[in-house]
Amino acid sequence: MSSPHVMLQGKGCAPGDFEGEVVVSQQPFGFWQGIDPQTGMVIDKRHDLCGTSLKGKVFFFPYGRGSTGTPGIFLEAVRNGCAPAAIVNMKSEPMIVMCALLAEAFFNVRIPIVDGLDGNSRAVLRTGDRVRVNGTTGAIEVISRG
Amino acid sequence: MQLTDEERRILDGACGEPQRIALGVLVKLGDAYGADRMVEIASAHIVGSSYQIAGEAGIEIYSQLVEQGARVKVRTTSDPGSIDFARWREFKTPAAYAERQIKIAELLGRMGVIPTWTCTPYTTFNVPRFGEDLGWSESSAVVFANSVLGARTNRLAAYIDVCAALVGSVPRFGLHLAECRRGEVLFDLAPDLSENFEDHFFPVLGFFVGQRTGDRVPVITGIRRATFDQLKAFGAAAAASGSVALYHMVGITPEARTLEEAFGARPPVERIAVGRREIVFTMQQMSKGESGAVDVVGVGCPHASIDQMRRYATLLQGKRIHAGIELWICANTVVEDMARKMGYVETIEQAGAKLMVGTCHNDCPLGAWGFHRLVTDSGKFAYYTPTTVGAECIFASTEACIEAALTGRVERP
C-alpha cells in the first residue's frame, strides 16, 4: 500500500486548481464522439472507460485523439455541468488545451490541465484516488488512495 | 509573448468585448505553446458552422458575440452545415434540428462570415497563396492548404477559428514556423506499387500514413503523379486517421521539390516501407462490415469537384440505381450550379441519386433512415461512419461505389 501525499510534477497547460477523484484510462481519448455531453458518460464503444462518467472528475488519459470539432462537444458538456473538472495527460494536444481556454473565456469555468507526466507517474495514479491538480504549476498531489 | 501596443489596447478592452475575449484566448494559447508573437492571417475558415459540432453551447457563444457586436476582421468562410438548406426535409432531418442550424447560419451571417458551407473553400471562395499565414480549422482543409498550397496554418479547434477571424491574427507557433514544417517520417513506396498506383489507393495510403505518423510530418516518395482530387482524398484520410496537418509528397507538393528539401536536410527519424500488402491490409481495416446488401452509398467527402461530378454522371448515364438504395453525392453550391449547367445534375438525378449540398454525410442526423450498411470511397468518411452514422461501412473505389448503388450489393475488399 503506497503512502498518501505522493507528489507528481508535470507541466501546467491551462490554469486552475481542483481537488477530486481521479479516473484513469490507459488509452488515448477523443471527446468528439467519445463523451455524451448531456451526462458526461464515455460512449466510445472502443474505449476502456465506456460507460464511466467523467463528470466532475480528474480525468487522466495518455494523450488525445482530437478532431477539430472537439470543443463543440467539450463545451456542450461544460455548459451542462458534465465535463471533467481537471485533465492530466502524458502529452496534451493543442485541441484539449484550446477547450480549456474556451471554457474559461465563454463559460467562466476553469479546467486545469497538466501534461508531461512520464510512464512511472502514470502507474502511480489509480482510479478512485483523491488528487489535487494545479494547472499553473503543474503539480499533482495524491491526497488519499481510493 | 511579445505584444504590440495595439494588442495590449485590445486586451484592455479598448476595442470591445469580442476582441478582448478572442485575443485573450489566442494569447493564452500562444503562451502554452511557446509562441513569440501574434502573426496576421490572410483568412479564416470555421468548422463550428455545423449544429452537430456547435450544439447549444455554440449558439450561446455566437449569440453572446453577436450581441456584443462581433464582426470578422478577415475573409472568413464556413464549413458544411448539418443540413442541406434546400432539401433537409428530403433527408428526413427533424424540423427542430433544422431550425437550430438555421439559427447558426443567421448568427454567423451577422458576424460577416461568408456562407460557403463547404469543406473545400480552397477551390473557389477562400484560395490561399503560397507562404500565407491562415487561421483555419476543418482538418481536411488545413492539410490541403498546408501541403498542396504551401500556406501556413495550425489545426485550429472550433471557436478558436472564430477568435482568429475576429482579431485577424493567430499566435505564431507550430506550422507557421519553417523549422516545424520539415519532414520527420519517410514513407517509401515499393517500385511495383509506385508504377501502378490506382486512383482509390490515395485515400488508403492517406489512412495508412495517418495511422503511422501520429502528429509528426510525413514525407511520401514514389508517387509519380497526382490530381487535385487525389491529393484532397489523401489528405482528408490522413487527417482523420491521424492528426496530420501537413505532408510532403516528393516531386508533387511545393515544399518537397526534392527529398532533401522535404526533410530540411535532416535525416528521417523513421522510415516506413509501403508495398501492396500495406495497401490491401489498410483497405480491409477501413471496411468495418461484411459483404452483402447495401443501404446507402456516400461519395463527395471532401466535397466533390466538377471533375468528380462529371465522373459520377458518366458512370450513371442511362442507368438506374437499385430500388431502395440511396446514393448521396456531397458538393458545395458553386459546384452544384456548374454541374447543373453542364447537365450532370440531370443525369445524376435521373439515375435516382441525390445531391446533398452544403452539408456532409458525417454531419447530418441520419438516425431516421435506419441504415445498416454503407459504402464510400472516402477515407475520412470510412473513419468516422461507424460512430456518426452507426452503420457498418465498406470502403471501395469510386467505380465500385457507383456499381454498389446500381446492384444494391457490395463485396468487402
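Residues numbered from 1 in each chain as written. Chains lettered and ligands numbered in written order. Predicted model: local features only at pLDDT ≥ 70, side-chain atom pairs only at ≥ 80, totals over all residues.

**Regarding the overall build of chain B**
Heads up, the condition is: A run of H or I in DSSP becomes a helix once it reaches four residues, and a run of E becomes a strand once it reaches two; helices and strands are each numbered from the N terminus. The size measure is the radius of gyration over C-alpha atoms, and the globule rule it meets is 2.2 Å times the number of residues to the 0.38 power. Each residue is classified by how many other C-beta atoms fall within 10 Å of its C-beta atom, where C-beta atoms are placed from the backbone; a count of 20 or more means buried, 12 or fewer means exposed, and values in between mean partly exposed.
A tally of helices and strands in chain B yields 16 helices and 16 strands. Over its C-alpha atoms chain B spans a radius of gyration of 21 Å, differing by no more than 12% from the 22 Å that the globule rule assigns to 413 residues. Considered along the principal axes of its C-alpha atoms, chain B spans approximately 65 × 55 × 35 Å. Counting over 413 residues, chain B shows a buried share of 57%.

**Quick word on the packing of helix α9 (residues 228-241) of chain B against helix α15 (residues 379-388) of chain B**
All names here are of chain B. Basically, it comes down to this: Lines are fitted to the C-alpha atoms to define the axes, a helix being fitted only along its stretch in contact, and any angle between axes, read from their N-to-C directions, falls within 0 to 180 degrees. The cut-offs work like this: below 35 degrees is roughly parallel, past 145 is roughly antiparallel, 65 to 115 is roughly perpendicular, and the gaps in between are oblique. With C-beta atoms placed from the backbone, a contact is any residue pair whose C-beta atoms sit within 7 Å. Residue polarity follows a fixed list, in which Ala, Val, Leu, Ile, Met, Phe, Trp, Tyr, Cys and Pro are nonpolar, Asp, Glu, Lys and Arg are charged, and the others, Gly among them, are polar.
One can describe the packing of α9 onto α15 by two numbers: an axis separation of 7 Å at closest approach and a directional angle of 30 degrees. As judged from the angle between their axes, α9 and α15 are roughly parallel. Contacts from Ala-233, Ala-236, Ala-237, Ala-240 and Ser-241 of α9 reach α15 at Gly-379, Lys-380, Tyr-383 and Tyr-384. In terms of residue class, the contact of α9 with α15 is made up of 6 nonpolar, 2 polar and 1 charged.

**Some points on the domain arrangement of chain B**
Residues and elements named next belong to chain B. Heads up, the rule is: The split into domains, and so the bounds of each, comes from an automatic or database assignment of domains.
Split by domain assignment, chain B resolves into domain 1 (5-176), domain 2 (182-285) and domain 3 (292-410). Each of domain 1 and domain 3 has a C-alpha centre, and these two points are 28 Å apart. For the side of domain 1 that touches domain 3, the per-class residue count stands at 9 nonpolar, 11 polar and 2 charged.

**Some remarks on the nonpolar core**
Quick reminder of the rule: Any set of buried Ala, Val, Leu, Ile, Met, Phe, Trp, Tyr and Cys residues joined through C-beta atoms within 7 Å is what this text calls a nonpolar core.
By size, the foremost hydrophobic cluster in this structure holds 186 residues, and its most contacted members are Leu-26 and Ile-329 of chain B. Ranked by residue count, the leading element in this core is helix α2 (residues 94-107) of chain A, at 10 residues. The contacts of Ile-329 of chain B, once residues within four sequence positions are left out, are Val-299, Gly-300, Ala-304, Tyr-312, Ile-348, Ala-353, Leu-355 and Met-356 of chain B.

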